[in-house]
Amino acid sequence: ILIFTIETRDLKILDIHNKNISDYAEKHNYEYIFLKDYKNILINRRFVSCLIFSACIVSLIAIFNVSAPVIIQTVFNQSPIIYGWSTFSVAIAFTFGSMISHLLTSRLSPKNLMLIGWIIIACSIIALLFVNALTSSNLYTFLIPIMLMQVGSAIAFPSAAAATMRAFTQKAGKAAAV
């Protein structure tokens, strides 16, 4: 069995065969990390659902950052300067959503904040699809739903990230590592 141990001076890896791990660790004053703790974290439904929700929000942000230069410069024939201003406006929308989240945190539960953020994100995705399918696409019909999506992301993400850690207050470091 390989056990990661933390000593006061350095990090060591011990290979223990056929020994009582607890006795060995106590005898040598090692703090040890069992994989069982990680298993308990990973099978917790609340943790996993909030983690997936948070990962989806981060993915929305990454998708915009990857696809926006191509869409704005190639599809809409705009200059890199317009792309820069577009990215700036989306960042302002995210900041605005963060301020809204901060104001609502004391009034609403994290679950309600995640729900509000999810509803805003879903409505903005639907708006993006329908507006661009029914009318001719332009920079504004692309950016306004994206900005709304960022507002929803900024409202939901802090609550989702906090909810993943709240499930394991005693093991927050391990939960954060996952």
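Residues numbered from 1 in each chain as written. Predicted model: local features only at pLDDT ≥ 70, side-chain atom pairs only at ≥ 80, totals over all residues. Heavy atoms only, no water.

## Here's the deal with the packing of aromatic side chains
And step 1. Enumeration according to the criterion identifies 2 aromatic pairs in this entry.
And step 2. A centroid spacing of 5.9 Å and a plane angle of 50 degrees characterise the contact between Phe76 and Phe142, whose relative ring orientation is tilted. Residue Phe76 is located in the loop between helix 3 (45-75) and helix 4 (80-105), and its partner Phe142 is located in helix 6 (residues 139-166); the two are separated by 66 residues in the primary sequence.
And step 3. Centroid distance Trp85 to Phe88: 5.7 Å. Interplanar angle 85 degrees. Geometry classified as edge-to-face. Of this pair, Trp85 and Phe88 both sit in helix 4, 3 residues apart, which is roughly one turn of the helix. (Phe/Tyr/Trp six-rings, centres within 6.5 Å; stacked < 30°, edge-to-face > 60°. Helix = DSSP H or I, 4+ residues; strand = E, 2+ residues; numbered from the N terminus.)

## Overview of the nonpolar core
And step 1. Residues Phe53, Phe64, Met114, Phe142, Leu143 and Ile146 are the most contacted members of the largest nonpolar core, which totals 20 residues.
And step 2. Secondary-structure elements contributing two or more residues to this core are helix 3, helix 5 (110-134) and helix 6.
And step 3. Take this core: its biggest share by element is 8 residues, from helix 6.
And step 4. Excluding residues that lie within four positions of it along the chain, Leu143 makes contacts with Phe64, Ser86, Ser89 and Val90. (Core = buried A, V, L, I, M, F, W, Y, C linked by side-chain atoms within 4.5 Å. Buried < 20%, exposed > 50% of the residue type's maximum accessible area, 1.4 Å probe, protein only. Contact = heavy atoms within 4.5 Å.)

## Brief notes about the side chain of Ser153
And step 1. Relative to the helices and strands, Ser153 resides in helix 6.
And step 2. Not counting residues up to four positions away in its chain, the partners in contact with Ser153 are Ile57, Leu60, Phe94, Ile121 and Pro158.

## Structural notes on the environment of Ser89
And step 1. In this structure, Ser89 sits in helix 4.
And step 2. Once residues within four sequence positions are removed from consideration, Ser89 is found in contact with Leu143 and Met147.
And step 3. Looking at Ser89, its side chain comes within polar contact range of the main-chain oxygen of Ser86, at 2.7 Å. (Polar contact = N/O pair within 3.5 Å; in protein donor to acceptor, adjacent residues only side chain to side chain.)

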